[in-house]
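Report on the structure
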Amino acid sequence: MMAVRLLVLLLFVLTSCRGSISIPPHDEVARMARYIVHKSDWCSMATISTQESIKGLPFSNVFSVSDGPLEKGTGEPYLYLTPLEISVHDIQANPEVSLAMTLAATDYCRKQKLDPQSPLCCRVILSGEVLVVNSTEIGFAKEALFSRHPGMADWPHEHGWYFAKLNITNIWVLDYFGGIKTVTPQEYYKIKA
Ligand SMILES: *[C@@H]1O[C@H](CO)[C@@H](O)[C@H](O)[C@H]1NC(C)=O
Ligand SMILES: *[C@@H]1O[C@H](CO)[C@@H](O)[C@H](O)[C@H]1NC(C)=O
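Residues numbered from 1 in each chain as written. Chains lettered and ligands numbered in written order. Predicted model: local features only at pLDDT ≥ 70, side-chain atom pairs only at ≥ 80, totals over all residues. Heavy atoms only, no water.

We now examine the site of ligand 1. Inspection of the region around ligand 1 gives Asn-134, Thr-136, Glu-137 and Lys-165 as its neighbouring residues. With respect to ligand 1, the side chain of Thr-136 contributes an N or O atom lying 3.1 Å from a nitrogen atom. Here the shell around ligand 1 is composed, by residue class, of no nonpolar, two polar and two charged. (Near = heavy atom within 4 Å. Polar contact = N/O pair within 3.5 Å; in protein donor to acceptor, adjacent residues only side chain to side chain. Nonpolar A, V, L, I, M, F, W, Y, C, P; charged D, E, K, R; others polar.)

Structure representation (structure tokens):
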């Protein structure tokens, strides 16, 4: 009888743990921002368009991103770009962009049955300037991106891929009810991964 009860308890514990993903508390906003950025393998990136038909208007697109190898996040969003890409044309004219990342891109919101627009389906919006990564940082940028996007190693060499990152100037976090919150880059980078 005791053994049966223990087995039932064990099964209960196992099934309730499976699929439960713990995220930072919603009031630890800087930690939440770092968490979302680290978990994100891709983001939306809005640029100011240089296309004739929408010159000066926003243009949103999807990019692979990494802030470091898994469990070694730095908070700095690294990108792998080619000058042939349509949004990169915009960046060359004006490097000011906005990135959005959401836990809807992870298992979290789906498992919690949260709509992507629910404030509980946490997201972060960053703004800043896209910078070309310098020679001392290329090794890390490459490790950050290629470890999480192995396919990048085979992207056509002749397209002139280069490593870039966002120099974050503003951070917004929506992770609970009551409106969006802001975090300064100083608070954000103080968080230990
Ligand atoms: C390259 O960039 C990193 C990070 O921004 C900086 O710490 C480093 O001093 C830079 N190195 C050179 C050679 O400019
Ligand atoms: C990054 O942005 C900050 C704040 O705008 C600025 O002071 C700094 O010079 C920028 N860094 C680079 C390398 O452009």
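Counting across every chain of the model gives one disulfide. Note on cysteine connectivity: Cys-109 is disulfide-linked to Cys-121, with sulfurs 2.1 Å apart. One disulfide, between Cys-109 and Cys-121, carries an S-S torsion of 100 degrees and so falls in the right-handed class. You can see Cys-109 sitting in helix H4 (residues 107-111) and its partner Cys-121 sitting in the loop between H4 and strand S5 (123-132), a full twelve residues away along the chain. Neither residue differs from the other here; Cys-109 and Cys-121 are each classed as buried. Free cysteine: Cys-122, not disulfide-bonded; nearest cysteine sulfur from Cys-109 at 6.6 Å. Judged by its relative accessible area of 1%, Cys-122 is buried. (Disulfide = S-S within 2.5 Å. Helix = DSSP H or I, 4+ residues; strand = E, 2+ residues; numbered from the N terminus. Buried < 20%, exposed > 50% of the residue type's maximum accessible area, 1.4 Å probe, protein only.)

Right, let's talk about the site of ligand 2 for a bit. Inspection of the region around ligand 2 gives Leu-131, Asn-167 and Thr-169 as its neighbouring residues. Between ligand 2 and the protein, one listed contact pairs an oxygen atom with a side-chain N or O atom of Asn-167 at 2.4 Å. Here ligand 2 loses 30% of its free accessible area of 360 Å² to cover by the protein chains. (Areas by Shrake-Rupley, 256 points an atom, 1.4 Å probe, with all protein chains shown as cover.)

What follows covers the packing of aromatic side chains. Summed over all chains, the structure comprises nine aromatic pairs. Here Tyr-78 and Phe-140 contribute two aromatic rings whose centre-to-centre distance is 5.7 Å and whose plane-to-plane angle is 65 degrees, an arrangement assigned as edge-to-face. Taken as a pair, Tyr-78 in strand S3 (residues 78-81) and Phe-140 in helix H5 (residues 138-148) lie far apart in primary sequence, 62 residues in all. The class of Phe-140 is partly exposed, set by a relative accessible area of 26%. Centre to centre, the rings of Tyr-80 and Trp-161 are 5.3 Å apart; their planes meet at 20 degrees, and the pair counts as stacked. Here Tyr-80 is found in strand S3, whereas its partner Trp-161 is found in the loop between H5 and strand S6 (162-174), with 81 residues between them in sequence. An aromatic cluster is defined as three or more aromatic residues linked by ring pairs; in this entry it consists of Tyr-80, Phe-146, Trp-155, Trp-161 and Phe-163. (Phe/Tyr/Trp six-rings, centres within 6.5 Å; stacked < 30°, edge-to-face > 60°.)

A few words now on the confidence of the model for the protein chain. Atom-level detail of predicted coordinates should not be read off regions where pLDDT is low. Here the protein chain averages 92 in pLDDT, and 90% of its residues register 70 or above. Scored below 50 in pLDDT, residues 11-19 shows one contact in the model against residues more than four places distant or in partner chains. (pLDDT = per-residue confidence, 0-100. Contact = heavy atoms within 4.5 Å.)

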